[in-house]
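Each chain, written out:
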Amino acid sequence: MKLIETPNNPAPPGAEVHEVKGFKNARLRVCLAPATGTPRGTVIIFPGYTEFLEKYFETMRDLQARGFTTFIMDWRGQGLSFRKLKNPYIYYFQNFDEPVRDLLIVLEKFKDRLPRPWVTFAHSMGGAIALRALLVEGVRPEAAFFSTPMWGLVAATPVNRFASRFMRFIGLGRLPVSIVRKDPREEKFAQNNVTSDETRFNRNWDVWRACPGIRIAGPTFAWFAAACDITDWFRSTKRTKRLRFPITVLSATEDTFVRNASHEAIVKRLPDAVHKT
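Residues numbered from 1 in each chain as written. Predicted model: local features only at pLDDT ≥ 70, side-chain atom pairs only at ≥ 80, totals over all residues. Heavy atoms only, no water.

J.: How do you make sense of a nonpolar patch on the surface when you look at a structure like this?
T.: Among the surface-exposed residues, Phe 162, Phe 166, Phe 169, Ile 170, Leu 172 and Leu 175 lie close enough to one another that they form a single nonpolar patch of about 640 Å² accessible area. Along the chain, the position of Leu 175 falls in the loop between helix 4 (158-169) and helix 5 (198-210). (Patch = residues over 30% accessible without salt bridge, like charges linked within 9 Å, V, L, I, M, F, W, Y side chains within 5 Å. Areas by Shrake-Rupley, 256 points an atom, 1.4 Å probe, with all protein chains shown as cover. Salt bridge = Lys/Arg side-chain N within 4 Å of Asp/Glu carboxyl O. Helix = DSSP H or I, 4+ residues; strand = E, 2+ residues; numbered from the N terminus.)

J.: Please clarify how the sheet that holds strand 4 (residues 68-73) should be interpreted in this entry.
T.: Backbone-to-backbone hydrogen bonds join strands into a sheet, with any given pair of strands oriented parallel or antiparallel. Strand order across the open sheet formed by 8 strands is 1-2-4-3-6-7-9-10, with mixed pairing between neighbours. In this open sheet, the two strands that pair with only one neighbour each are strand 1 (16-21) and strand 10 (273-276). Here the strands of the sheet are splayed against their neighbours by 20° on average, with no regard to which way each runs. The sheet contact formed by strand 3 (residues 41-46) and strand 6 (residues 118-123) spans 5 bridges and is parallel. (Pairing = 2+ DSSP bridges. Axes fitted to C-alpha atoms, helices over the stretch in contact; angles between N-to-C directions.)

J.: I keep staring at the pairing of strand 2 (residues 27-33) and nothing clicks. Help me out?
T.: Walk down a regular strand and you will see the side chains alternate between the two sheet faces. Burial analysis of strand 2 places 6 of its 7 residues in the buried class, the great majority of the element. Pairing analysis gives 6 bridges linking strand 1 to strand 2, with the strands arranged antiparallel. Within strand 2, the position partnered with Lys 21 by the bridge is Arg 27. With antiparallel pairing between neighbouring strands as the criterion, strand 1 and strand 2 make up a hairpin whose turn holds 5 residues, including Lys 24 at a positive phi of roughly 55°. (Buried < 20%, exposed > 50% of the residue type's maximum accessible area, 1.4 Å probe, protein only.)

Right, here's the structure in full:
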């Protein structure tokens, strides 16, 4: 296991990379970076869809400077962690409990090196994994922060929900949702609909160029069906009232992937939450 450093994106000082066996022995890449000085606590970072831990080097360095130990892992199916399909660029897992189980195994291994208090910091798909982990009480932080969490999907129309679940039901869930080739190394900044920050966009490109195998081309029907399942569960579960610690949820008004209305709906059911846009 290694960290992919580029001239404009150095690893956090003292960062360690580890290979850990997760749920069903999935090989997972984990990174731990110590706080600068006496630790104030630990920030556990939950990356988003298609992301890799190098994307958070800047954030990790900032948190270290503020006295926090940082902890992050590549979810199964992305980054440099285990990929199940013969085509490694198609994103696949069966359900959102798989990455949650991976996380719990990894945290158990490193918990003695992660000083309290814990703060979870989750972005996009990582927000779905984090909320699931919190609601099943597998992870118990003292506070949580969610950046545009995937608690609802714009693309989850009734037709798309039915189609993805049908494909999964008949055994074709491993097929890609789209046959259109999408290579992020070929995307131009002006064409992207993820970020307005060209410097950081280009920095991520540099990582893709340095390690092409770190990229993801698109989801499978099984992943999309699993995303629909977990967001449906978020809408119906009564467990939100158990999360009695400070939670901040940040929505991006121009996000074209995550359904922002889902944030307000869930925040209303949380005992101690603030929603900002």
